[in-house]
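Architecture at a glance
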Amino acid sequence: MPPLRLNSIKELKLMANTLRCDVIRMLAAAGSGHTAGPLGLADIFSVLYFHEMHYDPSNPSDPMRDRLVLSNGHCAPILYAAMARAGFFRVEETLSLRKLGSPFQGHPSRHWLPVETSSGPLGEGLAIACGIALAGRLDSAGFRVYCITSDGEHQEGATWEAVMFAAKYGLDNLVAICDRNYIQIDGNTEQVMPLGDLAEKYRAFGWNAISINGHDYQQIISALAKAKQTKGKPTMIVAYTTPGKGVSFAQNKHEWHGKAPKAEEARQALEELAAERKIIEAEL
Amino acid sequence: MNFVQEMHLKDIFGPLASAATREAFGDAVAKIGELDQNVVALSADVAGSVQLSKFASKFPNRFFNVGVAEQNLASVAAGLGYSGKTVFIGAFAAFCPGRNWEQIRTTICYGEANVKIEGSHAGLDVGEDGATHQMLEDLALMRCLPNMTVICPCDYNEAYKAVFAAWKTPGPFYIRCTRGKLPIFTSEETPFELGKLNLLCDGSDLAIVATGNMVFPSLVASSILEKEGISVAVANMHTISHPDAAALEKLARHCGAIVTVEDHQVKGGLGSAVCEALSCSYPVPVIRHGVQMSFGESGPGQQVLSKHGLDAEGIAKVARQHANKR
């Protein structure tokens, strides 16, 4: 079964809107979880799953599939939403998020679902993605590896071990995307532990690095295309995003990093997203 | 001494060749590399020390050096494992698993990756490098992890077999290796079965259950005590993660008391594993002989071990105190 392809930016925007609604419903049903990150990543996930990546939802272990490694595992709801809309499972199933016995664990688990990695402990995903990319090269498999990282997890030293490794082995089948939203649990990243210009840091480590607006579809698509053309080195796309994007009360609020909307808040969020949808639909 | 014939031991009183178990790890992985194209290996700037350089020189395209980065070592290995590779990684036990325990837990054990870990230079045996590098807590760290099989081989031949068993058995393995050379007293015919206790010599007054580099001195201790009229059984527990409960119970019933011997802290390692197993079947006094919750120090490995009573004389002394306690 070929992946669902959306070929216009309008369709991709509508999909992101759908994913945001799915995330809100999932989190409200769960009663706990992370809201800001998944909402901020919705546009990138829309492009990755419905424009960029190759996969077969009827054969999740297809050896030729592109791999998505969600290093910041707390953003699980956006991964579940995108995979559900892509056909890996039914959307309604994801409403069991965080419930006992549900395969939709609070942080993704490859024991429970056909996700690439079990993640959550920060600073690990990029290293695992390196291992997967290396295996792809050893097997001359043409797949690409997309690793989603948070800005906060760049405070983990282990992240930089993986950055060096990917550069040493010239893993050009690896694209990392950093969700640069400037929030972490205790506040603003630059106050908790300054990260500065991540793109410059990656360049200094031997990577191709591109900074983009993580909500601008042209920029997302063009950065992924540039990554594909870059040979001999991995690419980091630093995506500047708005945490909580699309939901006014959560937008740019670090307090919404690690909590879920209550019923009334969810209702308001879904109303706002419905209004946004009408605006997108009215676009040419 | 009442040696168990099926164990096919060499003459422990005769001249014996010696080798470090890390050498066996390196030789076995290099051999497996010939047999299995799907095997890859990684090290963290200590390929020569942990002997994976043997694999690296034969299969340079399947060997990766991550530099001084044990956390990355574990996680990259997991990614390779998820992609269908059988992965051997090796570094100093003080840092692998000492430094990268969480990566081993999450990416290798929870992630169910087919990764075989060599923790080399373990124990006081490492000697001159001193306390920072004398890893005495690795068995405890690895033994508590779901999905992990932990092996502590007693000599070159057993280590070689352990690596082959790990290769043939899907799932995470931790194999503890020594820097120092150990007498090679088992033979190619000595049985090696995962999770099986190897009774090496029989006895009736006490049983010693030893692991790794402590198995050979335990046999010598038994011979010392035999001359004093004390009959001491010696068993080799190579699989720390999966105690052979039935065999331990049999030993407990037969001997009435057990002394465990390990080059490791007395909390959390072999001794604890034996206590856990016997406490739910046939509790008898278990005296845990090992490092008594302290750090080591520099000196020749044998001398450091002796200072902690971890040589034949020291083991005999403890065994003497506890024989015929029932």
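Refer to the structure above for everything that follows.
Residues numbered from 1 in each chain as written. Chains lettered and ligands numbered in written order. Predicted model: local features only at pLDDT ≥ 70, side-chain atom pairs only at ≥ 80, totals over all residues. Heavy atoms only, no water.

Side note on the sheet that holds strand 6 (residues 208–213) of chain A
All names here are of chain A. Pairing within the open sheet is parallel, and its five strands lie in the order 1-2-3-7-6. Across the chains shown, the open sheet's two edge strands, defined by having one partner strand only, are strand 1 (67–70) and strand 6. The sheet shows a mean angle of 20 degrees between the axes of neighbouring strands, direction not considered. Sheet topology places strand 6 next to strand 7 (residues 235–240); six bridges connect them, and they run parallel. Each residue of the ladder has a partner; that of Ile212, found in strand 7, is Ala239. Contacts from helix 5 (residues 125–138) reach strand 1, strand 2 (145–150) and strand 3 (174–180), with the element oriented near 175 degrees to strand 2. (Pairing = 2+ DSSP bridges. Helix = DSSP H or I, 4+ residues; strand = E, 2+ residues; numbered from the N terminus. Axes fitted to C-alpha atoms, helices over the stretch in contact; angles between N-to-C directions. Contact = heavy atoms within 4.5 Å.)

A short note on the packing of aromatic side chains
All names here are of chain A. Following the criterion strictly, the structure yields 18 aromatic pairs over all chains and no others. Between Phe89 and Phe104 the ring centres are 4.9 Å apart and the planes differ by 80 degrees, which places this aromatic pair in the edge-to-face class. Separated by 15 residues along the polypeptide, Phe89 in the loop between helix 4 (76–86) and helix 5 and Phe104 in the loop between helix 4 and helix 5 bring together distant segments of the chain. Between the aromatic rings of Trp160 and Phe205, the centroid separation amounts to 5.1 Å while the plane-to-plane angle is 35 degrees, which identifies the pairing as tilted. Here Trp160 is found in helix 6 (residues 157–168), whereas its partner Phe205 is found in the loop between helix 8 (198–204) and strand 6, with 45 residues between them in sequence. Judged by relative accessible area, which is 16%, Trp160 ranks as buried. For Phe205, a relative accessible area of 33% puts it in the partly exposed group. Linked through ring pairs, Phe45, Tyr49, Tyr55 and Phe88 together constitute an aromatic cluster. The ring of Phe143 has Arg67 sitting right over it, with the charged end atom 3.7 Å from the ring centre. (Phe/Tyr/Trp six-rings, centres within 6.5 Å; stacked < 30°, edge-to-face > 60°. Buried < 20%, exposed > 50% of the residue type's maximum accessible area, 1.4 Å probe, protein only. Lys NZ or Arg CZ within 6 Å of the ring centre and 35° of its normal.)

Some details on helix 7 (residues 215–227) of chain B
Residue and element names in this part refer to chain B. In a regular helix each residue adds 1.5 Å, so 13 residues correspond to 18 Å; helix 7 covers 19 Å between its end C-alpha atoms and thus fits that length. Three or more residues of helix 7 are buried, namely Val215, Phe216, Pro217, Ser218, Leu219, Ala221, Ser222, Ser223, Ile224 and Leu225. Immediately beyond the C-terminal end of helix 7, within one or two residues, lies Gly229, with a positive phi of roughly 85 degrees. (Expected span 1.5 Å × (residues − 1).)

A few points about the interface of chain A and chain B
In this complex, chain A contributes 24 residues to the contact, which on the side of chain B involves 24 residues. Summing both partners gives a buried area of about 2000 Å² for chain A against chain B, and 59% of it is carried by carbon and sulfur. Broken down residue by residue, the surface that chain A buries against chain B is led by Arg110(A), Glu124(A) and Glu161(A), which jointly contribute 26%. At the surface where chain A touches chain B, the tally comes to one salt bridge. Linking chain A with chain B are eight residue pairs in polar contact (both at pLDDT 80 or more). Secondary structure elements with two or more residues in the side of chain A that touches chain B: helix 5 and helix 6 of chain A. Here the side of chain A that touches chain B is built from residues that sort into 13 nonpolar, five polar and six charged. (Buried area = accessible area lost by both parts, 1.4 Å probe. Salt bridge = Lys/Arg side-chain N within 4 Å of Asp/Glu carboxyl O. Polar contact = N/O pair within 3.5 Å; in protein donor to acceptor, adjacent residues only side chain to side chain. Nonpolar A, V, L, I, M, F, W, Y, C, P; charged D, E, K, R; others polar.)

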